[in-house]
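# Structural overview for review
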Amino acid sequence: MTFDLVGVVCRQLDQCLGSCADPDMALNNLERFVAAARNPLALGALFERDPRALPTLVQILSTSQHLADLLVTDPESFDLLRMTQGRPYARQALVEELTSEVAALDHDRLILRALRRFKRRETLRISYGDIIREHSVRTVTAQISYLAEAILEAALATAWSNLRKQRGTPLGSDGRPARFVVLGMGKLGGGELNDSSDIDLIFLYDDEGQTDARRPLSNREFFDRLAREFIRLLTETTELGGTYRVDLRLRPDGERGPMVVSLQGALQYYDLRGRTWERQAYIKARPVAGDRQFGQEFLDQLQPWIYRRYLNRADITGIKALKRRIDKRTHDLGADQREVKTGHGGIRDIEFVIQFLQLLNGADLPELRTGNTLEAIAQLEQVGCLSNLERSLLEENYGFLRKVEHRLQIMFDLQTHLLPDDADEMRKLARRMGYTDSPQRSALAAFESDYRNATAENRRILDHLLHDAFRDDGSEAEAEVDLVLDPNPDEARIHEVLGRYPFRDVKSAYRNLMALAEEKIRFLSTRRCRHFLAAIAPRLLAAIAATPDPDSALVNLDKVSDSLGGKGVLWELFSFNPPSLQLYVRLCAYSSYLTGLLTSNPGMLDSLLDSLVLDRLPTRENLDRTLAELCRSAEDLDPILHSFKNDQQLCVGVRDLLAKEDITATTAALSDIAETCLRQVVLREQAKLVQKYGRPTTPDGRLAEVAILAMGKFGGQEMNYHSDLDPVFLHEADGHTQHEP
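Here, residues in each chain are numbered from 1, in the same order as that chain's written sequence. The predicted origin of the model limits local features to residues at a pLDDT of at least 70 and limits the giving and counting of side-chain atom pairs to 80 or more, whereas totals for whole chains, interfaces and linings rest on all residues. Hydrogens and water are ignored here; the side-chain numbers use all heavy atoms of the structure.

### Concerning the overall build of the protein
Each helix is a run of DSSP H or I of at least 4 residues and each strand a run of E of at least 2, with the numbering of both proceeding from the N terminus. Within the protein, the regular secondary structure consists of 33 helices and 11 strands. It is over C-alpha atoms that the radius of gyration is taken, and the globule rule equals 2.2 Å times the number of residues to the power 0.38. Whereas a compact globule of 741 residues would reach a radius of gyration of roughly 27 Å, the protein reaches 36 Å, over 25% beyond that. Principal-axis analysis of the C-alpha atoms places the extent of the protein at approximately 120 × 80 × 45 Å. Each residue is placed in one exposure class: buried if its accessible area under a 1.4 Å probe, protein chains only, is under 20% of its type's maximum, exposed if it is over 50%, and partly exposed if it falls in between. A burial count over the protein gives 53% of its 741 residues as buried. Shrake-Rupley sampling with a 1.4 Å probe provides the accessible areas, and residues are treated as covered by the protein chains on show and by no other component. For the protein, the exposed surface amounts to about 34,500 Å²; the carbon and sulfur share of it is 50%. For the protein, the distance from the average site of its 94 positive side-chain charges to the average site of its 111 negative ones is 5 Å. When charges are counted, Lys and Arg contribute as positive and Asp and Glu as negative, whereas His and the chain ends are disregarded. By convention, the charge on Lys lies at NZ, on Arg at CZ, on Asp at CG and on Glu at CD.

Dropping the structure here:
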């Protein structure tokens with residue numbers, strides 16, 4: 001490289017090294033790259049001709065040692081990267097390109113090399129799109145998954161061709177060729193693979209039989225040999241390494257089970273012995289190689305098992321127990337806050353809450369049956385199982401954590417999820433994530449703050465929708481939860497569960513209970529409503545049973561809840577605030593006045609929620625200020641006054657019902673509400689009369705004053721909820737009104 005070109009390179013490095021994550025690493029790798037180049041002079045000319053080439057290369061070399069090693073091994077691949085610009089490719093294009101290349105090779109060593117060379121080249125392309133073009137997490141993970149599927153298809157085609165030449169074609173009992181499929185599980189099945197993921201696979205063939213060779217093999221033995229050869233092609237270490245680590249532990253019976261399973265064997269296993277965690281795993285199952293139509297037929301037959309008619313309390317307990325075991329394992333390793341995947345609020349927390357909601361609602365909502373986490377989040381919000389805020393938080397946090405995961409793994413091509421414990425390495429990670437120093441705070445501080453916030457939000461949502469909603473209160477609570485979640489229980493089951501409670505008419509009680517799970521307003525989510533009603537059902541029924549007339553209390557509960565316009569919000573509140581549930585039941589059971597107030601004034605949900613959490617009676621000053629603000633610029637006072645009176649009397653009534661106040665304080669508060677309303681009416685009407693007739697004056701020209709005397713219970717501040725007002729109006733003296741000049 002000439003001195004002039006060296007000067008160009010030095011000037012460009014001076015401009016770009018300061019913004020990269022690790023300048024020393026970048027320079028060391030650049031030196032290796034230039035030394036390995038076939039023509040360093042041409043490389044220097046490229047840097048001079050294209051001012052973006054060197055900064056792009058430096059960014060890659062400082063982000064990943066693994067990518068740097070790939071470029072040093074094959075410097076010409078940088079030209080290919082610049083041509084393709086990390087452009088995403090379709091799955092089928094990758095499959096066809098690799099399978100045709102491998103099919104033309106006839107030596108095992110060449111095939112192994114072709115598979116590994118293809119992975120290296122495509123990994124560079126995908127990483128270029130991730131690091132330089134800043135492709136979305138959805139695009140990056142889909143491209144990594146497509147790459148894996150292309151390699152799987154090519155390896156399977158090779159293994160199948162070689163084995164069939166040796167041992168013939170496997171035939172089913174009907175004489176037709178037997179079919180074989182590779183099912184992708186986990187992140188591969190969800191189309192959201194990591195940079196350095198294991199791939200979770202299950203092998204399935206459709207029928208017993210034997211091959212058509214002179215010395216036939218049983219189909220089981222043929223496909224077992226096929227699977228072993230297939231795995232060898234993927235995992236055997238060569239000078240270019242392997243392609244993927246393969247995990248087969250999700251197959252029936254795990255490590256104790258056969259490597260390949262027949263269709264009937266798999267269906268029988270899952271029907272008789274399948275567990276909740278396996279149903280959860282099969283949410284992400286997808287055919288990724290072989291006869292994909294056969295694989296889809298198998299998954300279609302499994303749908304009723306995966307997405308049962310409803311998720312019972314035992315299933316929920318199983319999901320929570322699995323999550324606790326994962327949490328404990330991470331805690332025991334001392335990695336709660338550093339583990340991006342299984343740590344507190346990590347990727348697994350998001351996946352768990354999403355898969356729980358899919359199992360809970362997927363039976364009659366097929367649109368929820370997707371293995372892709374981001375697609376599932378969007379669909380769950382569409383059907384009302386997630387709020388809009390929960391969706392946006394989970395999407396954003398999932399993308400953020402997956403990007404962190406990618407930056408950790410692409411560094412050395414290692415399957416790690418641990419944040420560095422060294423402050424300088426954390427700073428480099430923050431820079432690789434795109435954070436920069438500012439006068440307000442460093443890149444590291446900004447990254448750590450965002451990470452803490454994201455993980456805290458994730459755990460809060462998981463706890464809210466799963467752990468806190470369905471508490472571990474013991475087996476006696478399971479029946480009530482199951483009854484609400486079951487869309488069509490038989491009469492015997494209804495009587496078995498509700499018969500424990502003192503309802504006179506169990507059938508009507510069930511009907512009224514399930515009415516609480518239905519939102520009457522179209523845009524509100526019945527799914528979410530039923531979710532949280534099931535969560536509180538044991539405590540709700542126990543509270544209703546403690547009232548003098550449980551049947552009547554449940555009817556009133558239904559009427560009041562319908563009038564409020566958002567039952568799901570109430571059940572959600574009650575799930576983490578049990579005292580408010582007790583109060584609500586007492587209100588519906590004991591106070592016909594307050595329930596009448598709620599049912600005759602639809603939409604008082606906010607007022608009710610305020611009253612449930614109010615810790616003191618309203619003061620007169622607060623009442624005056626609140627009403628004055630409501631009436632400012634209003635033309636018609638009537639609806640404002642009625643609404644204000646109802647809201648405030650509800651607050652007082654709730655405190656009264658709880659016996660939080662003595663009778664003197666309660667009647668005084670009711671009198672203050674009346675006085676506040678009367679004062680606002682007088683002020684408004686007086687202003688109207690003055691504007692029309694002028695101000696009243698005494699004979700000597702002074703402004704005439706007016707006074708209102710409260711009489712009776714009003715005057716003694718002893719009003720009850722139904723009291724009339726007894727006012728006496730006094731004015732100072734006779735005279736005339738006068739308009740101001």
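### Brief notes about the pattern of salt bridges
Working definition: two side chains of opposite charge can pair if their charged atoms are close together. By convention in these notes, a salt bridge is any Lys or Arg side-chain nitrogen within 4 Å of a carboxyl oxygen on Asp or Glu. Inspection of every chain in the model, using the stated rule, returns 62 salt bridges. The partner of Asp198 in a salt bridge is Arg245, with the nearest N and O atoms 2.5 Å apart. Pair noted here: Asp198 is in the loop between helix H10 (186-189) and strand E3 (199-205) and Arg245 is in the loop between helix H11 (219-235) and strand E5 (246-247), with a separation of 47 residues, a long-range link. Note on Arg245: relative accessible area 38%, which makes it partly exposed. The structure contains a network of salt bridges with shared partners spanning Asp22, Asp424, Glu425, Arg427 and Lys428.

### Some thoughts on the layout of surface pockets
If a probe the size of a water molecule is rolled over the atoms, the empty space left behind becomes visible. Points on a 1 Å grid over protein atoms alone make up a cavity when a 1.4 Å probe fits among them but cannot get out, and a pocket when they form an open set with protein on both sides within 12 Å along at least five of seven lines; lining residues each have an atom within 4 Å of a point. Grid points are joined across faces, edges and corners, and a volume is the space filled by probe spheres set on the points. Considered as a void within the structure, the largest pocket measures approximately 1,400 Å³ in volume. Around the largest pocket, the lining is made up of 41 residues, and of these Asp200, Arg249, Leu250, Lys341 and Arg348 lie nearest the centre. Every element with two or more residues in the lining of the largest pocket is listed here: H10, helix H13 (276-282), helix H15 (313-332) and helix H16 (347-361). With 5 residues, H15 is the single largest residue contributor to the lining of the largest pocket. Classes in brief: Ala, Val, Leu, Ile, Met, Phe, Trp, Tyr, Cys and Pro nonpolar; Asp, Glu, Lys and Arg charged; the others, Gly included, polar. Across the lining of the largest pocket, the residue classes break down as 13 nonpolar, 10 polar and 18 charged.

### A closer look at the packing of helix H24 (residues 526-545) against helix H26 (residues 567-576)
The contact between H24 and H26 brings their axes to 8 Å, and the two run at 40 degrees. Taken together, the axes of H24 and H26 are oblique relative to one another. For H24 against H26, the interelement crossing comes out left-handed. Of the residues in H26, those in contact with Arg528, Cys529, Phe532, Leu533, Ile536 and Arg539 of H24 are Lys567, Gly568, Trp571, Glu572, Phe574 and Ser575. Of the residues contributing to the contact of H24 with H26, the split by class is 6 nonpolar, 2 polar and 4 charged. Axis lines are fitted to C-alpha atoms, over the contacting stretch for helices. Their N-to-C directions set the angle, which ranges from 0 to 180 degrees. The cut-offs work like this: below 35 degrees is roughly parallel, past 145 is roughly antiparallel, 65 to 115 is roughly perpendicular, and the gaps in between are oblique. Less than a right angle of anticlockwise turn of the near helix away from the far helix marks a crossing as left-handed, whereas a clockwise turn marks it as right-handed. Pairs of residues are marked as contacts when any of their non-hydrogen atoms sit within 4.5 Å.

### Some details on a nonpolar patch on the surface
What makes a patch is a set of residues exposed beyond 30% relative accessible area and free of salt bridges, joined within 9 Å when like-charged and within 5 Å when nonpolar (Val, Leu, Ile, Met, Phe, Trp, Tyr). On the surface, Leu709, Met711, Val728 and Leu730 cluster together into a nonpolar patch covering about 300 Å² of accessible area. With respect to the helices, strands and loops of the structure, Val728 is situated in strand E10 (residues 727-731).

### Notes on helix H7 (residues 91-103)
The span expected for a helix works out to 1.5 Å for each residue beyond the first. The first and last C-alpha atoms of H7 sit 18 Å apart over 13 residues, in line with the 18 Å expected at 1.5 Å per residue. If you check which residues of H7 are buried, you get Arg91, Leu94, Val95, Leu98 and Val102. The buried residues of H7 occupy one face: seen down the axis, they fall within an arc of 100 degrees. Packed against the buried residues of H7 are helix H8 (108-131), helix H9 (137-167), strand E7 (286-290) and helix H14 (292-306). Think of it as the arc spanned by the lines of direction from the helix axis to the C-beta atoms.

### Here's the deal with the environment of Ala26
Turning to its location among the elements, Ala26 is positioned in helix H2 (residues 23-36). For the pair Ala26 and Ala68, spaced 42 residues apart in the sequence, the C-alpha separation amounts to 8.8 Å.

### Quick notes on the environment of Val181
Locating Val181 in the fold gives a position in strand E2 (residues 180-185). Between the C-alpha atoms of Val181 and Ser392, which are 211 residues apart in sequence, the distance is 36 Å. The residues touching Val181, leaving out its near neighbours within four places in the chain, are Ile202, Phe203, Leu204, Pro287, Ala289, Asp291, Arg292, Phe294 and Gly295.

### Some remarks on the packing of aromatic side chains
Ring geometry is summarised as follows: Phe, Tyr and Trp rings, the Trp one being its six-membered ring, pair when their centres sit within 6.5 Å, and such pairs are stacked at plane angles under 30 degrees, edge-to-face over 60 and tilted between the two. According to the stated counting rule, one finds 21 aromatic pairs in the structure shown. With a centroid separation of 4.9 Å and an interplanar angle of 35 degrees, the aromatic rings of Tyr270 and Trp305 are classed as tilted. Residue Tyr270 is located in helix H12 (residues 263-273), and its partner Trp305 is located in helix H14; the two are separated by 35 residues in the primary sequence. Note on Trp305: relative accessible area 10%, which makes it buried. Through pairs of rings, three or more aromatic residues link up here, namely Trp160, Phe180, Phe203, Tyr205, Phe222, Phe223 and Phe230.

Scope: geometric values only; no functional claims are made or implied.
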